[in-house]
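So the chains spell out like this:
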Amino acid sequence: MSTVDIPESLTVAGWEKQRSAMDKDKAVASKLQGESSKVADAIKNLGKLHGAFDFGMFDSKGIATAAAAGAAGDKIAAALKGDLKSVLGAAKTAGAAADAFAAATDKF
């Protein structure tokens, strides 16, 4: 597992497609611009952190000894407290921004 793909709809490009469709109705776009921008920023941050994370550490290829397994486990444990925790936090933030956007759309 050298990578985990983010679905296209959860990328900046995917969000921009949705946003451009929404922008066709200027009244809707103006009322949702703040929430829409928050989603865009959150998705951008998630993409940046996700892209920088080394998912290859979860690949067992090349682990032939107990010492190598221990070192790999230590690397994963450190990631759980650092980089992976940041990716998960960004995913939660993006989810919260999407929920706020959805709540704003429900007001129409």
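Below, the structure is looked at part by part. Bear in mind that the values here come from a model prediction, so they are computed numbers and not experimental data.

## What about the pattern of salt bridges?
So, point 1. In the structure shown here, the tally under the stated rule is 4 salt bridges.
So, point 2. Where lysine 38 meets glutamate 35, a salt bridge forms, and the shortest distance between an N and an O atom there is 3.8 Å. One end of the pair, lysine 38, and the other, glutamate 35, are both in helix α2 (residues 26–52), 3 residues apart, so they sit about a helical turn from each other.
So, point 3. Aspartate 54 is the partner of lysine 75 in a salt bridge, and the nearest nitrogen-oxygen pair spans 3.5 Å. Taken as a pair, lysine 75 in helix α3 (residues 66–81) and aspartate 54 in the loop between α2 and α3 lie far apart in primary sequence, 21 residues in all.

## Some remarks on the environment of aspartate 23
So, point 1. Looking at the element boundaries, aspartate 23 is found in the loop between α1 (12–22) and α2.
So, point 2. It is 22 Å that separates the C-alpha atoms of aspartate 23 and alanine 96, two residues lying 73 residues apart in sequence.

## A short note on the packing of α3 against helix α4 (residues 83–105)
So, point 1. In contact at an axis separation of 3 Å, α3 and α4 are set at 40 degrees when each is read in the N-to-C sense. When the interaxial angle is binned, α3 and α4 end up oblique. Residue-level inspection shows Ala79, Leu80 and Lys81 of α3 in contact with α4, the latter providing Asp83, Leu84 and Lys85.
So, point 2. Of the residues in the contact of α3 with α4, the class split is 3 nonpolar, no polar and 3 charged.

## Focus on the packing of α2 against α4
So, point 1. With their axes 8 Å apart at the nearest point, α2 and α4 run at an angle of 160 degrees to one another. In terms of orientation, α2 and α4 fall into the roughly antiparallel class. As for the relative orientation of α2 and α4, their crossing is left-handed in sense. Residue-level inspection shows Leu32, Glu35, Ser36, Lys38, Val39, Ala42, Asn45, Leu46, Leu49 and His50 of α2 in contact with α4, the latter providing Ser86, Val87, Ala90, Ala91, Thr93, Ala94, Ala97, Ala98, Ala100, Phe101, Ala104 and Thr105.
So, point 2. For the contact of α2 with α4, the residue count by class is 14 nonpolar, 6 polar and 2 charged.

Cut-offs applied
- Residues numbered from 1 in each chain as written.
- Predicted model: local features only at pLDDT ≥ 70, side-chain atom pairs only at ≥ 80, totals over all residues.
- Heavy atoms only, no water.
- Salt bridge = Lys/Arg side-chain N within 4 Å of Asp/Glu carboxyl O.
- Helix = DSSP H or I, 4+ residues; strand = E, 2+ residues; numbered from the N terminus.
- Axes fitted to C-alpha atoms, helices over the stretch in contact; angles between N-to-C directions.
- Parallel < 35°, antiparallel > 145°, perpendicular 65-115°, else oblique.
- Contact = heavy atoms within 4.5 Å.
- Nonpolar A, V, L, I, M, F, W, Y, C, P; charged D, E, K, R; others polar.
- Left-handed = near helix turned anticlockwise from the far one by under 90°.

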